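# A structural walkthrough
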Amino acid sequence: MILDGKIPAGPLEEKWTHYRSTVPLVAPNNKRRIDIIVVGTGLAGASAAASLGELGYNVKAFTFHDSPRRAHSIAAQGGINAAKNYRNDGDSVYRLFYDTIKGGDYRAREGNVYRLAEVSADIIDQAVAQGVPFAREYGGLLENRSFGGVQVSRTFYARGQTGQQLLLGAYQALSRQVSLGAVELYNRHEMLDVVVVDGKARGIIARNLLTGKLERHAAHCVVLATGGYGNVFYLSTNAMMCNVSAAWRAVRRGALMANPCFTQIHPTCIPQSGDYQSKLTLMSESLRNDGRVWVPKKQEDAKAIREGRKTALDIAEDDRDYFLERRYPAFGNLVPRDVASRAAKIACDEGLGVAPTGLAVFMDFSAAIQRYGQSKAHNAGMHDADKAAITELGEKVVEEKYGNLFEMYEKITGENPYKMPMKIYPAVHYTMGGLWVDYNLETNIPGLFAIGECNFSDHGANRLGASALMQGLADGYFVLPYTIGAFLSNEIRTPKFDPAREEFAKAEADTQTRINTLLGIKGNQSVESFHRRLGHIMWTYCGMARTAEGLNQARTMLRELRDEFYKDVFVPGANEEYNPELEKALRVADFLEQGELMILDALNRNESCGGHFREEYQDEGGEAKRDDQNYRYVAAWEYTGWENEPVLHKEQLEFENVELKTRSYK
Amino acid sequence: MKLTLKIWRQGGKYKGELVTYQLNDVNPHMSFLEMLDVLNEELIAKKESPVAFEHDCREGICGTCSMVINGYPHGPQAKTTTCQLHMRHFKDGDTIVIEPFRARAFPVVRDLVVDRGAFDRIIQAGGYISVNTGQAQDANSTPIEKDLSAHAFDAAECIGCGACVAACPNASAMLFVSAKVSHLALLPQGKPEAARRVQNMVKQMDAEGFGMCSNVTACEAECPKGISVTNIARLNREFISSEFGSETQV
């Protein structure tokens, strides 16, 4: 199989403009005859469904939630990047493109990323027009802040809940199309298979989660906007229901999974506190604008803190190691996520961790509080303000910036982060890997598109902060509505598909068999217990640091776990009812297979790049050692069944506009 | 901690009743939902049907969790969703009563799960600004006063959980509806269709069977995001002023 990324020819900055001007269009009268299925209603799915509805297509939108507004995009905190250069600080489309390519450790396509940077500014315009209340300055214009891995302020934000506000904007646009009859919304429906007719994606099998009934839905094409697979690790910052199943079902029907081992470990999450824990909570990267990350220099201090004999406040300034500022003076606390996470892990491995588990570092706001307090006091003409007054003023500024995050931290940990530094530790947050797509966002199955976190396309081996929202909305609002025309313009004479066809009947029967198998095992262990064990294997061997030896071991363990799952899992209840345990069992079954593919991909990639760190490949300073000679490609895997080895297809990455360098943030 | 739980079970073999469960080893650092996870694992181990409850993000933003704990939607802690409530706020030996959100417009699906589709239909009736993708002007072409934007934001923080309805003795949805009406009416972008919006949303709210507002303000007290009843006053003002004048321009 030859993978053609279909990147348009011509100079980088003209590719998308030229493409848009020449891509075949579907006339309005023909759009009315074409049906599109969109699965998932997060930022990518809701914005795509709304935009396609506006264009005149008949859209069916599916979500397994009770409402499209629940999608996990809602939980994104920090912000959204856009090359607006409103700050006059040297930003440009090229710079956003360059930062993203470099941040991704040169494992993304130039053409896709440049397009992303180009449309980024339109997203902000669109969101503001929808009523998204971005942060503003006193002059009434939009405010910005900085995120990791960049030296300009291009991040637009809405307090600590940018994802919520952007998703509500997209949800409202979608709701408008529902009211106009352009989009038919299927709440509480989970896609369990994709239906391929004569080599093209023409529909899905969905389970109505209230009744358990399997439904067949046909269309001219199918768009997957079903998010990432971070929950393969069990503990992650993803919502509990995030899963790989829709994407994995596409893989089982022939779609390729690209770079599955590229997962993002976010450095600033609230550390795990016990075995009962069900998920981890992120503390936004924006906090690293003002939070200084440190551990004690001395192991005995760290030990005393772990045992509760000392607190952070007992450690003198000279005895603290601000390790990010020390190791990466140019970017300091705002290094990219993969770099910050690894540095925290190294500190904890050296016995300097500060939580009882040994797995936490401090993020300290006292310097920022003093700095803001002094500025406020100066501004108010209080020249003899004492420290208490300055602290009070400074805390107010910090509260205005990050209040809801501080509140969330206090609720979960019971500690006041204004007074005591936060304890943080890396956790799984995002998956850069995903379904392989070309420039049209189309998978190798014609008519099957993948957008948002669900595809692999834009972030390479590491995603920069505030770029997930950008990509989800870029795909949904401004890219897919054009590129889908390349496929659909050849389908205007294709009649509607009858869901009674044998391909649909077969896919439904296959789905029913899977469900019956799981319900029929009637073993003794819960779905949850298997998920937990799977997550433990993945985190230990395929997490922040990986070795060939560990990965091989993990593969064996995972295979044994899957065998045990199919012998001893217990799924209570029946299919024809509301049954969350059955939903979970179907998802975990897919995670077990996809987890193995991640391990194989990590084994294959004999280099360290971005979020993928193989311990064998590092320099003396512990920095990642990339191998551009041998691994400058996208690894796209063809699944050939549990009994066979998956087949690797390579798409070489060509860099014509940026020079490949060792990524340095020093 | 040892706890006694009295949980509303409805569906399957349960017609609708409070069922009592004992938990003997609850860690005070657990979240409330993790405590229910532990209960469900025990039930599954005994081959019994687990308690159905909805949840997703578990960080207080998706608005999925929906239960009444000891008579309070989302439990006794102010400005806290159920998923953000931790067991350290309960005492060893406590009895905790857990029920679903109750309202005619929120039919029970199973156990603690209710159907809040009415909220979606209210938004579909007009809770948006009519702008197609690509129609927008430059984002900075309309300055918006910082305070005004902040007020709109305060209203926009609603997570659509429905605690306001569950808290209200009339099961009114006024806080939810008014939050969206306020968010959009305050912003210049939302002004052109403000009158039409409030009319259509209120009409849909009534059609869904929510009760009337009688200014009890329990909604504000129970709202996990602290949405203010000032929004209800604003909705009333928007609604009354939209009654004047005619839809046809003269």
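Before reading on, note that the structure itself is shown above.
Definitions and cut-offs
Each residue is numbered by its place in its chain's sequence as written, counting from 1. By the order in which they are written, chains take letters starting at A while ligands take numbers starting at 1. In view of the model being predicted, local features appear only for residues whose pLDDT reaches at least 70, and side-chain atom pairs are presented and counted only at 80 or more, with totals across whole chains, interfaces and linings using the full set of residues. Where side-chain values are given, they derive from all heavy atoms of the structure, hydrogens and water being excluded. The rule is short: rings of Phe, Tyr and Trp, with Trp giving its six-membered ring, pair when the centres are within 6.5 Å, and they are stacked under 30 degrees, edge-to-face over 60, tilted in between. The helix count covers DSSP runs of H or I at least four residues long, the strand count covers runs of E at least two residues long, and both are numbered beginning at the N terminus. Per-residue accessibility, obtained with a 1.4 Å probe over protein chains only, is compared with the maximum for each type, and a residue is labelled buried under 20%, exposed over 50%, and partly exposed between these values. Charge-over-ring placement is defined geometrically: NZ (Lys) or CZ (Arg) within 6 Å of the ring centre, and within 35 degrees of the ring normal. What makes a nonpolar core is a set of buried Ala, Val, Leu, Ile, Met, Phe, Trp, Tyr and Cys residues whose side-chain atoms join them at distances within 4.5 Å. Residues are treated as being in contact if the distance between any of their heavy atoms lies within 4.5 Å. Definition of a polar contact: a pair of N or O atoms within 3.5 Å, with one able to donate and the other able to accept a hydrogen when the atoms are protein atoms, and with sequence-neighbouring residues admitted only if both atoms are side-chain atoms. Here the quantity called buried area is the accessible surface, traced with a 1.4 Å probe, that two parts lose on coming together, added over both. Any carboxyl oxygen of Asp or Glu that lies within 4 Å of a side-chain nitrogen of Lys or Arg is treated as forming a salt bridge with it. In this classification, Asp, Glu, Lys and Arg are treated as charged, Ala, Val, Leu, Ile, Met, Phe, Trp, Tyr, Cys and Pro as nonpolar, and every other residue, Gly included, as polar. Two strands qualify as a pair provided DSSP detects at least 2 bridges between them. With the strands pointing away from the viewer, any crossover whose connection runs clockwise from the first strand over the helix to the second is right-handed. A helix's residues, less one, multiplied by 1.5 Å, set its expected span. Working convention: axes come from line fits to C-alpha atoms, limited for helices to the stretch in contact. Angles between N-to-C directions cover 0 to 180 degrees. Note on angle classes: values under 35 degrees are labelled roughly parallel, values over 145 roughly antiparallel, values of 65 to 115 roughly perpendicular, and the remainder oblique.

## With respect to the packing of aromatic side chains
Residue and element names in this part refer to chain A.
- Applying the stated criterion across every chain yields a total of 30 aromatic pairs over all chains.
- Aromatic side chains Tyr106 and Phe655 sit 6.2 Å apart centroid to centroid with 75 degrees between the ring planes, which places their arrangement in the edge-to-face category. Taken together, the residues span a long stretch of sequence, with Tyr106 in the loop between α4 (93-103) and α5 (110-130) and Phe655 in the segment after β21 (647-652) at a distance of 549 residues.
- Judged by its relative accessible area of 1%, Tyr106 falls in the buried class.
- Ring geometry for Trp248 against Tyr639: centres 4.9 Å apart, planes inclined by 70 degrees, an arrangement best described as edge-to-face. In this pair, Trp248 is assigned in helix α7 (residues 245-252) and Tyr639 in the loop between β20 (633-638) and β21, connecting sequence segments 391 residues apart. The burial state of Trp248 is the same as that of Tyr639; both residues are buried.
- By way of ring pairs, the aromatic residues Trp16, Tyr19, Tyr439 and Tyr482 are connected into one cluster.
- Between the NZ or CZ atom of Arg145 and the centre of the ring of Tyr157, over which it lies, the distance is 3.6 Å.
- Across from the ring centre of Tyr322, 3.7 Å away, lies the NZ or CZ of Arg292, which sits over that ring.

## Describing the nonpolar core
- With 239 residues, the main nonpolar core has Ile36, Ile80, Phe134 and Ile484 of chain A together with Phe210 of chain B as its most contacted residues.
- For this core, the leading source of residues is helix α17 (residues 580-604) of chain A, giving 12 residues.
- If we ignore the near neighbours within four places in the chain, the residues touching Ile484 of chain A are Ile36, Leu52, Tyr57, Cys221, Val223 and Phe449 of chain A.
- Core analysis: the second largest hydrophobic core is formed by 30 residues, Phe32, Leu33, Phe90 and Ile96 of chain B among them.

## Let's talk about the environment of Glu577 of chain A
- Along the polypeptide, Glu577 of chain A turns up in the loop between β19 (569-570) and α17.
- Here Glu577 of chain A is in contact with Arg207, Leu209, Leu210, Thr211 and Gly212 of chain A together with Arg110 of chain B, once residues within four sequence places are set aside.
- Among the polar contacts made by the side chain of Glu577 of chain A, one reaches the side chain of Arg110 of chain B at a distance of 3.0 Å.

## A word on the interface of chain A and chain B
- Counting residues at the interface gives 79 residues for chain A, matched by 70 residues for chain B.
- Across the chain A to chain B interface the summed buried area is about 6200 Å²; carbon plus sulfur atoms make up 50%.
- Run the count over chain A and chain B and you get 7 salt bridges.
- Taking the shortest distance from any N to any O, the salt bridge between Glu54 of chain B and Arg188 of chain A comes out at 2.8 Å.
- Counting every contact that joins chain A to chain B gives 46 residue pairs in polar contact (both at pLDDT 80 or more).
- Of all the secondary-structure elements, those providing two or more residues to the side of chain A that touches chain B are α3 (43-55), α5, α6 (162-179), α12 (387-413), α13 (468-488) and α15 (527-542) of chain A.
- Broken down by element, the side of chain A that touches chain B gets its largest block of residues, 10 residues, from α6 of chain A.
- A breakdown of the residues in the side of chain A that touches chain B according to their chemical character gives 31 nonpolar, 29 polar and 19 charged.

## Observations regarding the pairing of strand β2 (residues 58-62) of chain A
Residues and elements named next belong to chain A.
- Sheet topology note: the strand β1 (residues 35-39)/β2 ladder contains 5 bridges and is parallel. Counted as the bridge partner of Val39 is Phe62 from β2.
- Handedness of the crossover joining β1 and β2 through α3: right-handed.
- The pairing of β2 with strand β5 (residues 183-186) spans 4 bridges and is classified as parallel. Directly across from Val59, in β5, lies its bridge partner Val183.

## Quick word on helix α5 (residues 174-186) of chain B
- Spanning 13 residues, α5 of chain B covers 17 Å between terminal C-alpha atoms, matching the ideal 18 Å at 1.5 Å per step.
- Most of α5 of chain B sits inside the fold, with 13 of its 13 residues counted as buried.

## Remarks on helix α2 (residues 117-124) of chain B
- Of all 8 residues in α2 of chain B, 7 are buried, a share of seventy percent or more.
- For α2 of chain B, the full list of buried residues reads Gly117, Ala118, Phe119, Asp120, Ile122, Ile123 and Gln124 of chain B.
- Contacts from the buried residues of α2 of chain B go to α6 and β5 of chain A together with α4 (163-167), α5 and α6 (194-207) of chain B.

## Concerning unusual backbone geometry
Residue and element names in this part refer to chain A.
- Positive phi, close to 60 degrees, is recorded for Tyr106, a residue that is not glycine.
- Of note, the phi angle at Arg188 is positive, near 50 degrees, even though the residue is not glycine.
- Considering the arrangement of structural elements, one finds Arg188 in the loop between β5 and β6 (189-197).

## Concerning the packing of helix α8 (residues 299-306) of chain A against helix α10 (residues 337-352) of chain A
Residues and elements named next belong to chain A.
- With their axes 10 Å apart at the nearest point, α8 and α10 run at an angle of 90 degrees to one another. Our classification of the angle between α8 and α10 gives roughly perpendicular. Note on element contacts: α10 touches α8 through Glu350, Gly351 and Leu352, opposite Gln299, Ala302 and Arg306.

## Brief notes about the side chain of Glu157 of chain B
- Tracing the backbone shows Glu157 of chain B in the loop between α3 (146-156) and α4.
- Overall, Glu157 of chain B belongs to the buried group, its relative accessible area being 14%.
- When neighbours within four sequence positions are excluded, Glu157 of chain B is seen to be in contact with Arg159, Gln161, Gln164 and Gln165 of chain A together with Lys225 and Ile227 of chain B.

## Describing the sheet that holds β21 of chain A
Residues and elements named next belong to chain A.
- The antiparallel open sheet is built from 4 strands, whose spatial order is β16-β10-β20-β21. Every other strand in the sheet has two partners, leaving β16 (434-435) and β21 as the edge strands with one partner each.
- Pairing of strand β10 (residues 257-258) with β20 involves 2 bridges; the strand directions are antiparallel. Paired with Ala258 across the strands is Ala636, a residue of β20.
- Against the sheet, α17 contacts β10, β20 and β21, and its axis sits at roughly 145 degrees relative to β20.

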